[in-house]
Amino acid sequence: MQAQDIMTKNVISAAVDTTVEQITALMMKNHISAVPILDGDGTVIGLISEGDLMRRVEGSGDAHKSWWLSLFSGHENMARDFIAMRTRRATDLMTHDIEVVSPNTPVADIARLLEKKRIKRVPVVENGKIVGIVSRANLMQALASTQRVTLEPSTSNREKREIVMAALGQVPGLNPAHLNVVVEGDRVDVWGLADSDAEEKAAWVALDNIEGLGEVSVSLGRIQNIAYLG
């Protein structure tokens with residue numbers, strides 16, 4: 001799957017001159033946790049999340065820094081803190097350097113990006129314009145909606161075998177050329193070679209996602225063991 005298959009398409013965004021109060025109201029009204037900020041041309045220039053707003057709230061109650069601590073912080077950092085706590089402009093509070101992906105970015109790549117950058121969502125951009133957004137919730141929904149193949153009673157043995165081979169071909173590391181698959185009515189037997197127990201288990205899982213196969217037997221030897229005996 002790609003970003004375009006799981007993204008939220010009707011993205012609630014805000015203009016560059018939107019105030020923090022308006023952003024907050026927008027999030028609450030639409031039950032969303034982040035709002036992309038667009039410039040006059042509709043290009044994404046930043047993003048404000050619940051985390052940004054919460055840090056503002058948490059910091060607003062802090063006591064003024066002691067005089068000696070301010071010596072280490074510096075006036076510039078203190079000025080930035082003041083801006084973050086007091087500004088009414090979304091552009092002052094938003095995250096500027098945001099990650100974006102294209103509609104055809106693989107879902108697996110997006111998951112790795114969110115994990116690596118420790119972020120919860122990423123805008124989907126095409127030709128410089130936002131066309132969607134992918135969040136952790138979208139990824140979870142994609143996992144939960146893994147489709148199963150359902151075979152019709154009229155499916156022939158030959159067609160079943162083709163479906164089985166296609167499913168086994170998706171198992172990482174498993175070479176269909178090293179497999180012998182026999183389909184007879186409501187029974188499927190798979191013999192051959194695999195590199196590991198994980199590959200054999202993955203073959204079981206691949207076939208378990210095919211509804212209507214009937215009784216399934218998977219027996220795979222280990223390639224390294226065969227090579228050693230030779």
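Residues numbered from 1 in each chain as written. Predicted model: local features only at pLDDT ≥ 70, side-chain atom pairs only at ≥ 80, totals over all residues. Heavy atoms only, no water.

## Some details on the environment of W191
Inspection of the secondary structure puts W191 in strand β8 (residues 187-194). You can call W191 partly exposed: its relative accessible area is 40%. Sequence spacing of W191 and L220 is 29 residues, and the spatial spacing of their C-alpha atoms is 5.4 Å. Setting aside residues no more than four positions away along its own chain, W191 makes contact with H178, L179, N180, V182, S219 and L220. (Helix = DSSP H or I, 4+ residues; strand = E, 2+ residues; numbered from the N terminus. Buried < 20%, exposed > 50% of the residue type's maximum accessible area, 1.4 Å probe, protein only. Contact = heavy atoms within 4.5 Å.)

## Description of the pattern of salt bridges
Here the structure, examined in full by the defined rule, presents eight salt bridges. Note that D197 is salt-bridged to R222, the shortest N-O span being 2.6 Å. Of the two residues, D197 sits in helix α9 (residues 197-208) while R222 sits in strand β10 (residues 215-222), which places them 25 residues apart along the sequence. Given the relative accessible area of 58%, D197 is considered exposed. Its salt-bridge partner being E200, residue R222 comes within 2.6 Å of it at the nearest N-O pair. Of this pair, R222 sits in strand β10 while E200 sits in helix α9, placing them 22 residues apart in sequence. The same class applies to R222 as to E200, namely buried. Taken together, the shared-partner salt bridges connect R187, D189 and E215 into one network. (Salt bridge = Lys/Arg side-chain N within 4 Å of Asp/Glu carboxyl O.)

## Looking at the pairing of strand β7 (residues 179-184)
Burial along β7 is one-sided: L179, V181 and V183 are buried, while N180, V182 and E184, pointing the other way, are not. The sheet contact formed by β7 and β8 spans six bridges and is antiparallel. Across the sheet, residue N180 finds its bridge partner in β8, namely W191. (Pairing = 2+ DSSP bridges.)

## Some thoughts on the sheet that holds strand β1 (residues 14-15)
Across the sheet, three strands lie side by side as β1-β2-β3; this open sheet has mixed pairing. Pairing within the sheet leaves two strands with one partner each, and these edge strands are β1 and β3 (44-49). Here two bridges tie β1 to strand β2 (residues 34-38), and the two strands are oriented parallel to one another. Bridging across to β2, A14 finds its partner in I37. Contacts between helix α2 (residues 20-30) and the sheet are confined to β1, β2 and β3, with β2 contributing the most and set at about 130 degrees to the helix. (Axes fitted to C-alpha atoms, helices over the stretch in contact; angles between N-to-C directions.)

## Digging into the confidence of the model for the chain
For the chain, the average pLDDT comes to 84, and 81% of its residues sit at 70 or higher. Taken as a whole, residues 226-230 scores under 50 in pLDDT and shows one contact with residues more than four places along the chain or in a different chain. (pLDDT = per-residue confidence, 0-100.)

## A look at the environment of R161
Position of R161 among the secondary structure elements: in helix α8 (residues 157-168). R161 sits in the partly exposed class, given a relative accessible area of 34%. For the pair R161 and V183, spaced 22 residues apart in sequence, the C-alpha separation works out to 6.0 Å. Leaving out residues up to four positions away in the same chain, R161 has contacts with V181 and V183.

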